[in-house]
Amino acid sequence: QVRLVESGGGLVQTGGSLRLSCAASRSIDNIDVMGWYLQAPGLQRELVAQVTWTSSTTYADDVKGRFTISRDSAKNTVYLQMNSLKPEDTAVYYCNAAVAAVTWSYYWGQGTQVTVSS
């Protein structure tokens, strides 16, 4: 079981920056993949960025060069640094943990709202 708590969302102007944090209830070194997803109103949740336990990263095409995902094992925390924000980045951002055992188990945080004003 993994409990995830996000923080860092808020209201920012176009071109601004925010850093989201996701604190896990256990060592993230034992979590295979941690990621950030966004969900805009009326749309499906979609991947923004993810990082594996080996620190390999993947990004959605429209955030490459603007967002950076990182992990701090000492704090059991994953971050999403978001720069050059656009109004279309407005969404609820969710942290996800994926743990591989016999099958994959997925855990979600409660979400944090990011609003980018034009």
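Everything numeric in this text was worked out from a predicted model, so none of it was measured.

Engineer: Explain the pairing of strand β11 (residues 112-117) here, please?
Structural biologist: A regular strand places its side chains so that they alternate between the two faces of the sheet. Burial along β11 is one-sided: the face carrying Thr112, Val114 and Val116 is buried and the face carrying Gln113, Thr115 and Ser117 is not. For strand β9 (residues 91-100) and β11, the ladder comprises three bridges, and the chain directions are antiparallel. Within the sheet, the bridge partner assigned to Tyr93 lies in β11 and is Thr112.

Engineer: Just checking my understanding: could you explain the pattern of salt bridges for this structure?
Structural biologist: For side chains of opposite charge, pairing can occur when their charged atoms come near one another. Counted by the stated rule, this structure contains three salt bridges. With a shortest N-O distance of 3.3 Å, Asp29 and Arg71 are connected by a salt bridge. Placement of the pair is Asp29 in the loop between β3 (18-24) and β4 (33-39) and Arg71 in strand β7 (residues 67-72), with a sequence separation of 42 residues. When the shortest N-O distance is used, the salt bridge between Lys64 and Asp61 registers 3.1 Å.

Engineer: How do you make sense of the pairing of strand β1 (residues 4-7) when you look at a structure like this?
Structural biologist: Residues of β1 alternate between two faces, with Leu4 and Glu6 buried on one and Val5 and Ser7 left unburied on the opposite face. As paired strands, β1 and β3 are joined by four bridges and run antiparallel to one another. The partner of Ser7 across the bridge, within β3, is Ser21.

Engineer: Is there a simple way to think about the packing of aromatic side chains in this case?
Structural biologist: The description of an aromatic ring pair rests on the distance of the ring centres and on the angle between the ring planes. Counted under the stated rule, the structure contains three aromatic pairs. Ring plane angle 70 degrees and centroid distance 5.0 Å describe the contact between Tyr37 and Trp108, whose orientation is recorded as edge-to-face. Note that Tyr37 is positioned in strand β4 and Trp108 in strand β10 (residues 104-108), a separation of 71 residues in sequence. Ring plane angle 20 degrees and centroid distance 6.3 Å describe the contact between Trp104 and Tyr106, whose orientation is recorded as stacked. On the accessibility criterion, Trp104 (44% relative accessible area) is partly exposed. On the basis of relative accessible area, Tyr106 is assigned to the exposed category, the value being 52%. One aromatic cluster is present, built from ring pairs that chain together Tyr37, Tyr94 and Trp108. The ring of Tyr94 is capped by Arg45, whose NZ or CZ atom sits 3.6 Å from the centre of that ring. Sitting above the plane of the Trp108 ring, Arg45 keeps its charged end 4.6 Å from the centroid.

Thresholds applied
Residues numbered from 1 in each chain as written. Predicted model: local features only at pLDDT ≥ 70, side-chain atom pairs only at ≥ 80, totals over all residues. Heavy atoms only, no water. Buried < 20%, exposed > 50% of the residue type's maximum accessible area, 1.4 Å probe, protein only. Helix = DSSP H or I, 4+ residues; strand = E, 2+ residues; numbered from the N terminus. Pairing = 2+ DSSP bridges. Salt bridge = Lys/Arg side-chain N within 4 Å of Asp/Glu carboxyl O. Phe/Tyr/Trp six-rings, centres within 6.5 Å; stacked < 30°, edge-to-face > 60°. Lys NZ or Arg CZ within 6 Å of the ring centre and 35° of its normal.

By themselves, these are just geometric observations and shouldn't be taken as functional.
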